[in-house]
Amino acid sequence: MQERPGLLDFSDDLTDFVETAALIKCLDLVVAVDTSVAHLAASLGRPTWVLLPYTPDYRWLLDRDDSPWYPTMRLFRQTSSRDWREVLDQVRSELRLRTFLFEAFQASAAFENPFR
């Protein structure tokens, strides 16, 4: 994490799931593999992206990028076993798009509406 000075690491401060849930509620997006944190984030209604292996757990079903149990969750799946490159490229691309749209919205919101 030292290579990324803009990232904050709160792992030493999280001693239980209540503290983890409180931190998750402050996040705009949670990106994780299939862990309890991904389930917690989605159950709290936070936007959650889960990276899944080629042969995922049965609960993720097949051939879909959403979850019937978590409406705020998006699934990113491997298309071949042990190859995470495509999954990470897709997440990177979607994250760039999301960042661009957020920044564009922020810029447009900064201008005052002359018709008020």
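Basis of the calculations
- Residues numbered from 1 in each chain as written.
- Predicted model: local features only at pLDDT ≥ 70, side-chain atom pairs only at ≥ 80, totals over all residues.
- Heavy atoms only, no water.
- Helix = DSSP H or I, 4+ residues; strand = E, 2+ residues; numbered from the N terminus.
- Rg over C-alpha atoms; globule rule 2.2 N^0.38 Å.
- Buried < 20%, exposed > 50% of the residue type's maximum accessible area, 1.4 Å probe, protein only.
- Areas by Shrake-Rupley, 256 points an atom, 1.4 Å probe, with all protein chains shown as cover.
- Lys, Arg positive; Asp, Glu negative; His and termini not counted.
- Charge placed at Lys NZ, Arg CZ, Asp CG, Glu CD.
- Salt bridge = Lys/Arg side-chain N within 4 Å of Asp/Glu carboxyl O.
- Phe/Tyr/Trp six-rings, centres within 6.5 Å; stacked < 30°, edge-to-face > 60°.
- Lys NZ or Arg CZ within 6 Å of the ring centre and 35° of its normal.
- Pairing = 2+ DSSP bridges.
- Right-handed = clockwise from strand over helix to strand, strands pointing away.
- Patch = residues over 30% accessible without salt bridge, like charges linked within 9 Å, V, L, I, M, F, W, Y side chains within 5 Å.
- Axes fitted to C-alpha atoms, helices over the stretch in contact; angles between N-to-C directions.
- Contact = heavy atoms within 4.5 Å.

Asker: Got a sec to walk through the overall build of the protein? Specific residues and values, please.
Answerer: In terms of regular secondary structure, the protein is built from three helices and three strands. Overall, the protein shows an N-to-C arrangement of helices and strands of α-β-α-β-β-α. Its C-alpha atoms give the protein a radius of gyration of 17 Å, more than 25% over the compact-globule value 13 Å for 116 residues. Principal axes of the C-alpha set define a box for the protein whose edges measure 55 × 35 × 35 Å. For the protein, the residues scored as buried account for 23% of the 116 residues in total. Accessible surface for the protein amounts to roughly 8,900 Å². Of this, 56% is attributable to carbon and sulfur atoms. Taken as two groups, the 13 positive and 18 negative side-chain charges of the protein have centres that lie 5 Å from each other.

Asker: Residue-level account of the pattern of salt bridges, with values.
Answerer: Under the criterion given, the structure shown has four salt bridges. R64 is the partner of D66 in a salt bridge, and the nearest nitrogen-oxygen pair spans 2.8 Å. We note a salt bridge from E94 to R74, for which the minimum N-O separation is 3.1 Å. Taken as a pair, E94 in helix α3 (residues 85-110) and R74 in strand β3 (residues 73-77) lie far apart in primary sequence, 20 residues in all.

Asker: How would you summarise the packing of aromatic side chains if you had to cite specific residues and measurements?
Answerer: Going through the model one piece at a time under the given rule, you end up with one aromatic pair. Both rings, one in W49 and one in F76, keep their centres 5.2 Å apart while their planes meet at 55°; by these two values the pair is tilted. Residue W49 is found in strand β2 (residues 48-52), and its partner F76 is found in strand β3; the two are separated by 27 residues along the sequence. The pair formed by W49 and F76 is uniform in burial state, with each residue classed as buried. The ring of W49 is capped by R74, whose NZ or CZ atom sits 6.0 Å from the centre of that ring.

Asker: Got a sec to walk through the pairing of β2? Specific residues and values, please.
Answerer: Buried residues dominate β2, accounting for five of its five residues. Neither face of β2 is exposed, since T48, V50 and L52 on one face and W49 and L51 on the opposite face are all buried. Sheet topology places strand β1 (residues 30-33) next to β2; four bridges connect them, and they run parallel. Within β2, the position partnered with V31 by the bridge is W49. Once the chain exits β1 it traverses helix α2 (residues 36-43) before rejoining the sheet at β2, and the crossover so formed is right-handed. Pairing between β2 and β3: five bridges, direction parallel. Across the sheet, W49 pairs through a bridge with R74, a residue of β3.

Asker: Could you give me a rundown of a negative patch on the surface, with the residues and numbers involved?
Answerer: Taken together, the side chains of D9, D12, D13, D16 and E19 make up a negatively charged region of the molecular surface. Position of D16 among the secondary structure elements: in the segment before α1 (17-25).

Asker: Outline the sheet that holds β1, supporting the account with residue identities and numerical values.
Answerer: Across a sheet, strands are paired by hydrogen bonds formed along the backbone, either parallel or antiparallel in direction. Ordered by their spatial adjacency, three strands build an open sheet running β1-β2-β3, and the pairing between neighbours is parallel. Only two strands of the sheet have a single neighbouring strand rather than two, namely β1 and β3. Strand-to-strand twist across the sheet, computed as the mean angle between neighbouring axes with direction ignored, equals 25°.

Asker: Outline α2, listing residues and values.
Answerer: Residues of α2 that are buried include every one of A38, H39, L40, A41 and A42, and no others. Buried positions along α2 lie against α1, β1, β2 and β3. Among the residues trailing α2, G45 stands out with phi positive, at a value near 85°.

Shape is all these values report; function is a separate question.
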